[in-house]
Amino acid sequence: MKKILILGSTGSIGINTLNVIRNLPGQFEITALTVNTRIDLLEPQINEFRPKAVVVKDKKLGQQLKKKIQDKCEILTGEEGLIEAAASLDYDIFVGAMVGFSGLAPTLEAVKRGKIIALANKETLVVAGEMVTGMCKDFNAMLVPIDSEHSAIFQCLEGEKRDSVEKLILTASGGPFLHKSKDELKAVTIREALNHPNWKMGYKITIDSASMMNKGLEIIEARWLFGLKKEQIDVVIHPQSIIHSMVQFCDGSIKAQMGLPDMKLPIQYALTYPERLPNNYERTNLSKIGKLTFSAPDMEKFECLRLAYEALEAGGTAPCILNAANEVAVDKFLKGKIIFSRIPHLINRALEKIENHRSPSLNTIYECDKNTREFVLALS
Ligand code: MG
């Protein structure tokens, strides 16, 4: 049985990972689960999956949980608990399912131990892609993407030589605002932005999908995962979300990976790789779907996508600035403090104002992240 540590077990990816594990009995054993605050959701997970240890990042809530569950499992708390779990527990696969940039330090501990890193958390590669992929080589750790687009590309590349790749084509649904004009985007409500047509996901990523920053972050993620240049990563709008992404090879041939938009599929592939195991999830009925359509993304309207390409081109800490500014801006939007079209505006201000550092160390990345957050928090 493969042993699993899930960083972020109560978020959308964490819950889906446990669904996959539940549906493949006898294949996996849970070593550890971690949460920030949701001990109400963690408790039934402990009772069902019997992990050796859990980590609650919020220390007070961790103590509360300790009283409740007694000695069912070991309970660690705080950021240091996350790092200790990743650095010392016995597991084979580290599932990075947390939201945002907060999971970087524990992920690096798993990398140093040469583990399989099943990564849903794109921010890790956006802010520290150069460092993380370099360390994976040094420590013989393997990155297996969970993000559906990158899982699709990973699957298309199986059995292919890396130097035969001409370009990647990331598909994007276009989100809820695909048919709105740039002007209409200004007035969209939080509820409209949270109403994604195809995917059920957490709040942060759903807003990122509406602004197309999600695709922007995925371009940077793909650059590091697959070691390609910016010019080799294209985006095409594909509103049906059936083709999850494609690879175009040097002979002009294109391979695509298809399936229903369900995160359980890329999660299962990452956990069972290089095997494929049978499941009874709903199948894709192409005759019922009827047609698949494609169009070019509107970079004028979706400024976040353009900003992401620019940050990738600038390199250094520019993607870290992009990411931190976006996290703060999205949070402001979700709290009703700014309108939707301010999101790219604030990110642009941060990219213009905050100094870019080449080949940053981990400390430089943390500092850049912190400075950017403070800068954007003070803007309105
Ligand atoms: Mg994705």
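For clarity, every value in this text was computed on a predicted model and none was experimentally measured.

Draft legend 1. Representation of the overall build of the protein. A count of helical and extended segments in the protein gives 17 helices and 11 strands. Compactness check: the protein gives a C-alpha radius of gyration of 20 Å against a globular reference of 21 Å for 380 residues, within 12% of the reference. Taken along its principal axes, the extent of the C-alpha atoms in the protein is 55 × 50 × 40 Å. Buried positions account for 55% of the 380 residues belonging to the protein. Looking at the protein alone, contacts between residues at least 24 apart form 69% of all its contacts between residues at least 6 apart.

Draft legend 2. The arrangement of the sheet that holds strand 2 (residues 28–35) in detail. Reading across from one edge, 4-3-2-1-5-6-7 is the order of the 7 strands in this open sheet, with parallel pairing throughout. Sheet topology places strand 4 (74–77) and strand 7 (142–145) at the edges, where each strand pairs with a single neighbour. Between one strand axis and the next, the sheet turns by 20 degrees as a mean value, whatever way the strands run. Looking at chain direction, strand 1 (residues 2–7) and strand 2 are connected through 6 bridges and run parallel.

Draft legend 3. Expanded view of the coordination of the magnesium ion. Looking at the magnesium ion, the protein donor atoms are D147 (OD), E149 (OE) and E218 (OE), and they sit 2.1 Å from it. Going along the chain, you hit the donors of the magnesium ion in the pattern D-x1-E-x68-E. Here E218 lies in helix 11 (residues 213–226) and D147 lies in the loop between strand 7 and helix 7 (148–157), a separation of 71 residues in the sequence. A relative accessible area of 8% places D147 in the buried class.

Draft legend 4. Just the nonpolar core, in detail. One finds F340 and I343 to be the most contacted residues of the largest nonpolar core, which totals 124 residues. With 9 residues, the top contributor of residues to this core is helix 15 (residues 318–334).

Draft legend 5. Region of interest: the packing of aromatic side chains. In this structure the tally under the stated criterion is 6 aromatic pairs. On the numbers, 6.4 Å between centres and 75 degrees between planes, the contact of F154 with Y269 is edge-to-face. In this pair, F154 is assigned in helix 7 and Y269 in helix 12 (residues 264–272), connecting sequence segments 115 residues apart. Classification of Y269 by relative accessible area gives buried; the value is 7%.

Draft legend 6. Expanded view of the pairing of strand 8 (residues 165–172). Of all 8 residues in strand 8, 6 are buried, a share of seventy percent or more. Across 5 bridges, strand 8 lies against strand 10 (residues 243–249) in antiparallel orientation. Paired with I169 across the bridge in strand 10 is M246. Relative to strand 9 (residues 233–237), strand 8 runs parallel, the two being bridged by 5 bridges. Paired with L168 across the strands is I233, a residue of strand 9.

Draft legend 7. Looking closely at the sheet that holds strand 10. Strand order across the open sheet formed by 4 strands is 9-8-10-11, with mixed pairing between neighbours. Only two strands of the sheet have a single partner each, and these edge strands are strand 9 and strand 11 (254–258). Looking at each pair of strands side by side, their axes are set apart by 20 degrees on average, direction ignored. Set on the sheet, helix 7 makes contact with strand 8, strand 10 and strand 11; between it and strand 10 the angle comes to about 40 degrees.

Draft legend 8. Region of interest: the domain arrangement of the protein. Here the domain parsing of the protein yields domain 1 (2–145), domain 2 (151–314) and domain 3 (315–380). Averaged C-alpha coordinates put domain 2 and domain 3 at centres separated by 23 Å. Between domain 2 and domain 3, roughly 1800 Å² of surface is buried when both sides are summed, and carbon and sulfur atoms account for 78% of that area. Area buried by domain 2 at its contact with domain 3 is led by I190, L307 and A314, which between them contribute 28% of it. Counting across the domain 2 and domain 3 interface gives 0 salt bridges. At the junction of domain 2 with domain 3, the criterion picks out 5 residue pairs in polar contact (both at pLDDT 80 or more).

Draft legend 9. Region of interest: the side chain of E327. Note that E327 resides in helix 15. We classify E327 as buried; its relative accessible area is 15%. When near neighbours in sequence (up to four residues on either side) are disregarded, E327 contacts G100, F101, E123, K204 and R373.

What counts and what doesn't
- Residue numbers restart at each chain and count upward from 1, following the sequence in its written direction.
- Whole-chain, interface and lining totals are the exception, using all residues; otherwise, since this is a predicted model, local features are given only for residues with pLDDT of at least 70 and side-chain atom pairs are given and counted only at 80 or more.
- Excluded from the side-chain calculations are hydrogens and water; all other atoms, namely the structure's heavy atoms, are used.
- Counting from the N terminus, the helices are the DSSP runs of H or I reaching at least four residues and the strands are the DSSP runs of E reaching at least two.
- Note on method: radius of gyration uses C-alpha positions; expected globular size equals 2.2 Å times residues raised to 0.38.
- Three labels apply to residues, based on accessible area from a 1.4 Å probe with only protein chains included: buried if under 20% of the type maximum, exposed if over 50%, partly exposed otherwise in between.
- By definition in these notes, contact holds between two residues if any of their heavy atoms fall within 4.5 Å.
- Two strands make a pair as long as DSSP finds a minimum of two bridges between them.
- Only C-alpha atoms enter the line fits that serve as axes; for helices the fit covers just the stretch in contact. Angles between N-to-C directions range over 0 to 180 degrees.
- The donor set covers N, O and S atoms within 2.8 Å of the metal, switching to 3.2 Å for Na, K and Ca, and it leaves out water, so a site may look short of donors.
- Nonpolar cores were defined as sets of buried Ala, Val, Leu, Ile, Met, Phe, Trp, Tyr and Cys residues, with membership established by side-chain atoms within 4.5 Å.
- Each Phe, Tyr or Trp ring (for Trp, its six-membered ring) is paired with any other whose centre lies within 6.5 Å, and the angle between the two planes then decides the class: stacked below 30 degrees, edge-to-face above 60, tilted in between.
- By convention here, the domain bounds are inherited from an automatic or database domain assignment.
- The term buried area refers to how much accessible surface (probe radius 1.4 Å) is lost by two components on association, counted for both of them together.
- In the sections that follow, a salt bridge refers to a side-chain nitrogen of Lys or Arg positioned within 4 Å of a carboxyl oxygen of Asp or Glu.
- The term polar contact refers here to a pair of N or O atoms within 3.5 Å; inside protein, the definition further demands a hydrogen-donor-capable atom paired with an acceptor-capable atom, and it admits residues adjacent in sequence only when both atoms are side-chain atoms.

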